[in-house]
Amino acid sequence: MTVPSQLKQQSPPASGPTSTRTGRQGRDRGRSGARPAVGLGSQLLRRKPLGQMVHEAGSGSNGPKLIRSFGVLQLTMISVGATLGTGILVILGDSVPLAGPAIWISFVIAGLAALFSAVSYAEMAGLVPVAGSSYSYTYATLGEGMAWICGWCLVLEYAVSVAAVAVGAGQYVNETVSAFGLSLPDAISQPPGSGGAFNLPAMVIVLLAMALLVRGAKESAWINTAIVIIKIVILLFFCVIAFSAFNSGHFEPLMPMGAAGVSAAASRVFFSYIGFDAASTAGEEARNPQRDLPRAIMLSMVIVTTLYVLVAVAAVGAREWTWFEGTQAALVQILQEITHQPWIAFVFSVGAVLAIASIVLTVLYGQTRILLSMSRDGLVPKVFGRVSARTGTPVAGTLIVGIVVALTAGLIPLGALADATSIGTLFAFALVNLAVIHLRRKRPELKRSYRVPLYPLTPILGSLMCIYLMINLGGITWLVFAGWMLVGFAAYFGYGRRHSKVAELSAEEYRVLATSSFDDEPVKVGQR
């Protein structure tokens with residue numbers, strides 16, 4: 001943990017025995033995980049100073065720094081790559097039976113909720129361009145307690161959503177190999193509970209993404225950009241063919257399950273918008289984050305929402321809404337039934353597998369960067385924050401996350417994963433909206449490269465819509481979320497509370513940090 005140069009000026013000489021002993025004790029306290037310098041209530045409310053976040057940006061827990069190599073194109077493609085395709089390629093069969101032909105309205109509602117949060121993310125990303133995303137924004141505004149809860153939700157959002165998306169790969173791999181008269185046995189293409197032993201394609205995709213991320217962020221970003229372009233092309237390709245069999249009668253009645261069904265589907269397809277915040281996790285690897293991060297987030301939302309609505313309308317126009325019940329690869333089946341050309345289904349299936357791979361790649365990237373930021377604050381073990389001097393990536397953290405996610409993807413069914421991810425994401429988004437309101441009131445003087453329009457109405461509506469969608473999720477999902485939070489509290493009190501860098505600060509150190517500006521020169525605590 002570092003503090004500004006003013007603290008050095010106000011502190012006693014370092015040569016005295018008392019100061020030497022104090023500095024040593026402070027360092028020993030951080031290493032041993034002894035009781036923090038403040039009580040529990042004060043620690044939970046302690047906010048991490050914005051200036052300190054900016055000073056630490058890019059550094060790992062072991063010295064080497066992340067490499068700044070991303071421009072607005074790569075950042076936009078990270079956001080689009082992490083978002084586009086999930087709801088269309090994977091969970092369309094689970095959501096259309098809830099909303100009926102009005103599924104496109106569900107996408108609009110979920111997209112509107114995501115957009116309100118996206119503009120808040122854009123303001124915060126331009127103001128605090130760090131790898132922690134909403135975890136860091138919450139730490140700077142609402143304190144360590146809420147930051148931990150947000151970070152724990154992000155672990156659920158990112159790691160579990162990677163697994164959920166990868167689960168859908170098995171069916172598309174089957175559709176691809178079927179062009180050669182082959183098929184994967186259920187035993188190795190379906191998880192337990194869905195007729196199989198484990199989902200091998202899902203595990204392989206996660207492990208390949210892990211290997212690519214270990215090699216380097218720049219290489220991963222360029223590969224992701226190429227895959228995202230292919231993904232957009234195949235979705236437009238589907239729309240062209242599906243509209244050739246369009247039947248307007250499929251939209252009558254528009255809402256067979258009523259408004260409640262549309263709302264329930266909106267809560268589920270919100271999962272499809274998870275990922276636009278992935279660009280904010282690249283804040284420490286962007287060349288000009290204050291300018292490019294807001295642009296990338298907003299541009300990705302426009303691209304994704306437009307394509308989701310277009311594909312949903314084309315799909316329902318081509319097939320009655322009851323047809324989607326139980327389908328896992330709805331789009332490729334529609335193409336097969338319309339064209340009766342195996343090669344078209346083959347091309348689309350290959351593109352779908354690549355699309356899923358890009359989501360896995362970019363969301364897994366975001367997860368490793370959030371854990372790096374939490375590690376830098378002492379709330380999770382240092383291993384997640386170690387950056388390789390050779391590749392400029394958190395190699396150890398990437399390997400650990402990749403292996404855990406691969407096992408999750410191979411052994412847990414999609415439905416349970418998708419809903420649990422949505423509730424964690426909605427909670428984190430609501431906190432980001434509150435963070436914008438807090439900083440506008442407490443730090444109005446800060447220079448912002450992007451400002452939320454119609455403030456404070458926009459962030460208030462963003463929070464309320466997130467809460468509304470959370471309420472519409474099922475009781476089992478809430479029980480899973482409550483269980484996840486209990487595990488998180490145990491992890492915090494077992495490790496994070498005793499190793500928190502902010503909690504190590506004395507009252508005077510914290511006061512000076514809290515009033516310092518972005519431009520103050522940092523120095524090491526204990527080396528005053």
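Read on for an overview of the structure.

Calculation rules
- By convention here, each chain's residues receive numbers from 1 onward along its written sequence.
- Local features in this predicted model are restricted to residues whose pLDDT is 70 or higher, and side-chain atom pairs enter the listing and the counts only when it is 80 or higher, whereas totals over whole chains, interfaces and linings include all residues.
- Excluding hydrogens and water, the side-chain values take into account all heavy atoms of the structure.
- A patch is a set of surface residues, each over 30% in relative accessible area and not in a salt bridge, joined within 9 Å for like charges and within 5 Å for the nonpolar side chains Val, Leu, Ile, Met, Phe, Trp and Tyr.
- All accessible-area figures derive from a Shrake-Rupley calculation using a 1.4 Å probe, and residue coverage is judged against the displayed protein chains alone.
- Salt bridges are defined as contacts in which a side-chain nitrogen from Lys or Arg sits within 4 Å of a carboxyl oxygen from Asp or Glu.
- The helix and strand labels rest on DSSP assignments: H or I over at least four residues marks a helix, E over at least two residues marks a strand, and numbering proceeds from the N terminus.
- Here the aromatic set is Phe, Tyr and Trp, taking the six-membered ring for Trp, and pairing holds for ring centres within 6.5 Å; pairs whose planes are under 30 degrees apart are stacked, those over 60 apart are edge-to-face, and all others are tilted.
- By this rule the span expected of a helix is its residue count minus one, scaled by 1.5 Å.
- Any residue under 20% of the maximum accessible area for its type is buried, any over 50% is exposed, and the rest in between are partly exposed; the area is computed with a 1.4 Å probe on protein chains only.
- Lines fitted to C-alpha atoms define the axes here, with helix axes fitted over just the stretch in contact, and angles between the N-to-C directions of these axes take values from 0 to 180 degrees.
- Throughout this description, any angle smaller than 35 degrees is read as roughly parallel, any larger than 145 degrees as roughly antiparallel, any in the 65 to 115 degree range as roughly perpendicular, and the remainder as oblique.
- For any helix crossing, the convention is left-handed if the near helix is rotated counterclockwise from the far helix by under a right angle, and right-handed if that rotation is clockwise.
- We call two residues contacting when some pair of their heavy atoms lies within 4.5 Å.
- Amino acid classes used here: Ala, Val, Leu, Ile, Met, Phe, Trp, Tyr, Cys and Pro are nonpolar; Asp, Glu, Lys and Arg are charged; the rest, including Gly, are polar.
- Only buried residues count toward a nonpolar core. Its members are Ala, Val, Leu, Ile, Met, Phe, Trp, Tyr and Cys residues joined through side-chain atoms within 4.5 Å.

## Some remarks on a nonpolar patch on the surface
Together, Leu454, Leu457, Ile460, Leu461, Leu464, Ile467 and Ile471 make up an exposed nonpolar region whose accessible area comes to about 660 Å². Its place among the elements puts isoleucine 467 in helix 21 (residues 457-471).

## Description of the packing of aromatic side chains
Counted by the stated rule, this structure contains 16 aromatic pairs. Seen in terms of ring centroids, tryptophan 323 and phenylalanine 324 are 5.1 Å apart; in terms of plane orientation they differ by 90°. Their pairing is edge-to-face. Measuring from ring centre to ring centre gives 5.3 Å for tyrosine 492 and phenylalanine 493, while their planes differ by 75°; the resulting arrangement is edge-to-face. Every member of this aromatic cluster is reached through a ring pair, and the members are Trp148, Trp152, Trp484, Tyr492 and Phe493.

## Notes on helix 13 (residues 200-215)
Between its first and last C-alpha atoms helix 13 spans 23 Å; for 16 residues at 1.5 Å apiece the expected length is 22 Å, and the two agree. Listing the buried residues of helix 13 in full gives Pro201, Ala202, Met203, Ile205, Val206, Ala209, Met210, Leu212, Leu213 and Val214. Glycine 216 lies just past helix 13 and shows a positive phi near 160°.

## Considering the packing of helix 14 (residues 217-243) against helix 17 (residues 330-339)
For the pair helix 14 and helix 17, the least separation of the axes is 10 Å and the interaxial angle reads 40°. Judged by the inter-axis angle, helix 14 sits oblique to helix 17. In the packing of helix 14 onto helix 17, the handedness of the crossing is left-handed. For the pair helix 14 and helix 17, the contacting residues are Leu235, Phe238, Ile241 and Ala242 in the first and Leu331, Ile334, Leu335, Ile338 and Thr339 in the second. Here the residues of the contact of helix 14 with helix 17 sort into 8 nonpolar, 1 polar and no charged.

## Here we look at the nonpolar core
Phe107, Tyr172, Phe238 and Leu331 are the most contacted members of the largest nonpolar core, which has 154 residues in total. Here this core gets 17 residues from one element, more than from any other, and that element is helix 10 (residues 144-167). With residues near it in sequence (within four places) discarded, leucine 331 still touches Ile88, Leu89, Leu92, Tyr172, Leu235, Phe238, Val311, Ala315 and Phe348.

## As for the pattern of salt bridges
One pass over the structure, following the stated rule, counts 8 salt bridges. As a salt-bridge pair, lysine 48 and aspartate 377 come within 2.3 Å of each other at their nearest N and O atoms. Of this pair, lysine 48 sits in the loop between helix 3 (40-45) and helix 4 (50-56) while aspartate 377 is found in the loop between helix 18 (342-376) and helix 19 (395-411), placing the two residues 329 residues apart along the sequence. Among the residues examined, lysine 48 registers a relative accessible area of 3% and is labelled buried. Judged by its relative accessible area of 4%, aspartate 377 falls in the buried class. Connected through salt bridges with shared partners, the residues Glu123, Arg440 and Arg448 form a single ionic network.

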